[in-house]
Amino acid sequence: MNRRHFLHMALGSAGFAFTSNPLWAAMDHSAHAGHASATPAMPLKIMSENISLLAVEALPAGNPHAVLFRLPNLSPKTAVVAATLTAEPFEAELVPGKKTVVWAYNRNIPGPLIEAFEGDTVEIRFVNKLAQASTIHWHGMPVPADQDGNPQDAVPPGGERLYRFTLPAGSAGTYWYHPHPHGDTPEQVYRGLAGLFIVRAKDDVLRHLAEQHLVISDLRLDSDVSIPDNDRNDWMNGREGQFALVNGQREPVITVGAVQRWRIWNACSARYLRLAVPSRKIILVGSDGGLLERAQIVDELLLAPGERAEWIVAGPEGDASLMALAYDRSKMGKVAPERDMKLASIKFTQDSVAKLPERLRTLPPKIKPVAKKRVVFSEIMSMEGGQHGMQFLVNGKGYDMKRVDLTSRVGETELWEIVNDSHMDHPFHIHGTQFEILDTTLKGKTISAPWRAHKDTFNLKPYQSARILITQKHRGLRMFHCHILEHEGLGMMGQVLVK
Ligand SMILES: [Cu+2]
């Protein structure tokens, strides 16, 4: 925080700059207002210098896979989960013997795991000890709009509020929570604020299996072990640090004896995870919104930022690696070539064989849509005043928290066409409900979804489109946006009012 700078626009040909326009003005932070000048300044915190990154080896690797901290339930009542989440800066020892200031929930990185059953009422007191306004958004969960941490409902520094919601039948799944304030979401997440939420069903057919939880998060550390601000490249492409951690650890060792159920979160700001366990197959049983109808055997699985998956892990005795394989998402500017990254070692200590029921779940039948909507992600590069400029837009507009972009009716099923009219991948996410992908279209070729699933986040390749069925079950205002958090922060977000 002591190295924030505001770049002026004359950046030369080495990189892009951003035009001065109402979008950027809307993103301004009041503390920065004094920087307005004839030379348009970018109203964002930006690193202007080349920082020297900490060597990857400075973080210890090869430790046993850490168990996530579970948030204790303080409620004496049955079917009520009550707890407090406090967001605050604190000094964590990420590198042995050194202190890094992180922002975290209850001093945990990743944040605590909350567990509840369908039918439970959840009461979370949120205490904001940050110097910025913040909210808690319950990513993917069917909670009322006024309990979902909208940017309009920010809790000021030093303030607190209660989030209260009841988990409906059929909502079992693998979720997470993170801040969603206006403009500051990228920074609050990359400094450490994100936690996990599992909703369980009492009749879950896989409930007998032992679980492993793998939260994959991104981290960048300067050579002085501090977390640096975003640079220009981060704002364009989304931030990727030199580390992709699993439960806060570099390359932990996961031991698999008997058959296990893994829940995997992509909690990175922008890093795509093309997950694979080389020479072994993946048994995919769940997505963002709980179990699939049938297990799917795949060689690899792409998890875009915000997406989750459930796997069954079994296999012959031996050693293996969980990899994030190189994935080209068409970043802009001069960027390092994509490369494979090892996330974890896996030790299979016995020859275990997964025996799964043929049907894991029966999803409700598809409902015929009564309305249609179209959402287009786009980027504009301009040469305004001889300067490069870039905007991230939804239906041609940058985010305005006072504007309603679309209107839906509660309980009505709609067909949404989501279009990525840009040259870079963008993951689409919507609040308050989950949807089902019907098909995707790329270069004139339409492909039906390979299996039915409840989703709240999915990736669109450049110029790809998708058709989804979606039903909002609560009234109120909902955001939909790109889940590369820097793009969301720069305006690639819209609002649907559910009446
Ligand atoms: Cu994006």
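Residues numbered from 1 in each chain as written. Predicted model: local features only at pLDDT ≥ 70, side-chain atom pairs only at ≥ 80, totals over all residues. Heavy atoms only, no water.

Named according to an unreviewed UniProt entry, the chain is Multicopper oxidase family protein originating from Iodobacter ciconiae. Among the UniProt annotations of the chain, the heading Subcellular location (unreviewed entry) holds the following wording: "Cell outer membrane". (UniProt positions renumbered as here; feature names shortened; annotations may be inferred.)

Novice: I would appreciate a short explanation of the overall build of the chain in the present structure.
Specialist: Looking only at helices and strands, the chain has 4 helices and 30 strands in total. When burial is assessed residue by residue, the chain has 59% of its 499 residues classed as buried. Once local pairs closer than 6 in sequence are excluded, the contacts in the chain between residues at least 24 apart make up 77%. Split by element, the accessible area of the chain, about 19900 Å² in all, is 53% carbon and sulfur. (Helix = DSSP H or I, 4+ residues; strand = E, 2+ residues; numbered from the N terminus. Buried < 20%, exposed > 50% of the residue type's maximum accessible area, 1.4 Å probe, protein only. Contact = heavy atoms within 4.5 Å. Areas by Shrake-Rupley, 256 points an atom, 1.4 Å probe, with all protein chains shown as cover.)

Novice: How should I be thinking about the layout of surface pockets in this particular structure?
Specialist: Which parts of space are left empty comes out when a probe the size of a water molecule is rolled across the atoms. For the second largest pocket, the calculated volume is near 780 Å³. No other element matches the 5 residues that strand 25 (residues 435-442) contributes to the lining of the second largest pocket. Taken together, the residues of the lining of the second largest pocket sort by class into 15 nonpolar, 7 polar and 8 charged. (1 Å grid on protein atoms, 1.4 Å probe; cavity = no way out; pocket = protein on both sides within 12 Å on 5 of 7 lines; lining within 4 Å. Points joined across faces, edges and corners; volume = space filled by probe spheres on them. Nonpolar A, V, L, I, M, F, W, Y, C, P; charged D, E, K, R; others polar.)

Novice: What should I look at first to understand the coordination of the copper ion in this one?
Specialist: Put simply, a metal with four donors set out as a tetrahedron has ideal angles of 109.5 degrees, and one with six donors set out as an octahedron has ideal angles of 90 or 180 degrees. Protein coordination at the copper ion: the donors are His-426 (ND1), Cys-482 (SG) and His-487 (ND1), at 2.0 to 2.1 Å from the metal. Between consecutive donors of the copper ion, the numbers of intervening residues give the motif H-x55-C-x4-H. (Donors = N, O, S within 2.8 Å, 3.2 Å for Na, K, Ca; no water.)

Novice: Help me out: how do you make sense of the nonpolar core in this one?
Specialist: Note on soluble globular proteins: their nonpolar side chains tend to be buried together. Of all hydrophobic cores here, the largest spans 31 residues; its most connected members are Val-375, Trp-416, Phe-428, Phe-458 and Phe-480. If near-sequence neighbours (up to four positions away) are discounted, Trp-416 is found in contact with Lys-373, Val-375, Leu-406, Ser-408, Phe-428, Ile-430, Ala-466, Arg-467, Ile-468, Ile-470, Phe-480 and Val-496. (Core = buried A, V, L, I, M, F, W, Y, C linked by side-chain atoms within 4.5 Å.)

Novice: In this structure, what is going on with the sheet that holds strand 3 (residues 113-117)? I would like to understand it.
Specialist: Sheet strands associate in pairs through backbone hydrogen bonding, adopting either a parallel or an antiparallel arrangement. The mixed open sheet is built from 4 strands, whose spatial order is 3-8-7-5. Every interior strand has two partners, whereas the edge strands, strand 3 and strand 5 (137-139), have only one. Here the average twist between neighbouring strands, direction ignored, is 25 degrees. (Pairing = 2+ DSSP bridges. Axes fitted to C-alpha atoms, helices over the stretch in contact; angles between N-to-C directions.)

Novice: Sorry, what's going on with the pairing of strand 12 (residues 260-266) here?
Specialist: Where a strand is regular, its side chains alternate between the two sheet faces. By the criterion of burial, strand 12 is predominantly enclosed, with 7 of the 7 residues buried. The alternating pattern of strand 12 places Gln-260, Trp-262, Ile-264 and Asn-266 and Arg-261, Arg-263 and Trp-265 on opposite faces, both of which are buried. As paired strands, strand 12 and strand 17 (residues 308-313) are joined by 6 bridges and run antiparallel to one another. Considered in strand 17, the bridge of Gln-260 is made with Val-313.

Novice: Would you mind showing me how to read the sheet that holds strand 13 (residues 273-276) here?
Specialist: With mixed pairing, 5 strands are arranged side by side in an open sheet as 11-19-18-13-16. Every interior strand has two partners, whereas the edge strands, strand 11 (253-256) and strand 16 (301-303), have only one. Recorded for the sheet is a direction-independent mean angle of 25 degrees between the axes of neighbouring strands.

Novice: Quick question: what am I supposed to make of unusual backbone geometry here?
Specialist: With glycine set apart, most residues show a phi of negative sign, and most peptide bonds adopt trans. Geometrically, the link from Ile-109 to Pro-110 is a cis peptide bond, its omega value of -10 degrees lying close to zero. By the element assignment, Pro-110 lies in the loop between strand 2 (100-105) and strand 3. Phi is positive for Asn-106, which is not a glycine, with a value near 50 degrees. Considering the arrangement of structural elements, one finds Asn-106 in the loop between strand 2 and strand 3. According to the relative accessible area criterion, Asn-106 is partly exposed, its value standing at 22%. The residue Tyr-463 is not glycine, and still its phi comes out positive at about 65 degrees. Structurally, the position occupied by Tyr-463 is in the loop between strand 27 (457-460) and strand 28 (465-471).

Novice: I'm lost on the confidence of the model for the chain in this one. Help?
Specialist: Any segment with low pLDDT has predicted coordinates that should not be analysed in fine detail. For the chain, per-residue confidence averages 90 on the pLDDT scale, and residues scoring 70 or more make up 88% of the total. Segment residues 1-43: pLDDT under 50, and 95 contacts once partners within four positions in sequence are set aside and those in other chains are kept. (pLDDT = per-residue confidence, 0-100.)

Novice: Is there a simple way to think about the pattern of salt bridges in this case?
Specialist: Side chains that differ in charge, positive against negative, can pair when their charged atoms come close. This structure, assessed with the given rule, holds 35 salt bridges. Salt-bridge contacts for Asp-234 lead to Arg-220; the nearest nitrogen and oxygen are separated by 2.7 Å. With Asp-234 in helix 3 (residues 232-237) and Arg-220 in the loop between strand 9 (210-219) and helix 3, this residue pair connects regions lying 14 residues apart in the sequence. The pair Asp-234 / Arg-220 is uniform in exposure class, with both members buried. (Salt bridge = Lys/Arg side-chain N within 4 Å of Asp/Glu carboxyl O.)

Novice: Can you walk me through the side chain of Arg-161 in this structure?
Specialist: As for its placement among the helices and strands, Arg-161 is situated in strand 6 (residues 160-166). Within the buried core, Arg-161 has no salt-bridge partner, and the shortest N-O distance to an opposite charge, that of Asp-153, equals 4.9 Å. At 3.0 Å, the side chain of Arg-161 forms a polar contact with the side chain of Gln-147. Once residues within four sequence positions are removed from consideration, Arg-161 is found in contact with Ile-124, Arg-125, Phe-126, Asp-146, Gln-147, Asp-153 and Val-155. (Lys, Arg positive; Asp, Glu negative; His and termini not counted. Polar contact = N/O pair within 3.5 Å; in protein donor to acceptor, adjacent residues only side chain to side chain.)

Novice: Teacher, can you tell me more about the packing of aromatic side chains here?
Specialist: Geometry of an aromatic ring pair is reported as the spacing of the ring centres plus the angle between the planes. Applying the stated criterion across every chain, the model contains 14 aromatic pairs. Relative to Tyr-327, the ring of Tyr-272 has its centre 5.4 Å away and its plane inclined at 10 degrees; by these criteria the two rings are stacked. Here Tyr-327 lies in the loop between strand 18 (318-325) and strand 19 (341-348) and Tyr-272 lies in the loop between strand 12 and strand 13, a separation of 55 residues in the sequence. Take Tyr-327: its relative accessible area is 15%, and that puts it in the buried class. Three or more aromatic residues link up through ring pairs in this structure, and these residues are Tyr-105, Phe-126, Trp-138, Tyr-163, Phe-165, Tyr-177 and Phe-197. Just above the ring of Tyr-190 sits the side chain of Arg-239; from NZ or CZ to the centre is 3.7 Å. When the ring centre of Phe-348 is taken as origin, the NZ or CZ atom of Arg-280, which lies over that ring, is 3.8 Å away. (Phe/Tyr/Trp six-rings, centres within 6.5 Å; stacked < 30°, edge-to-face > 60°. Lys NZ or Arg CZ within 6 Å of the ring centre and 35° of its normal.)

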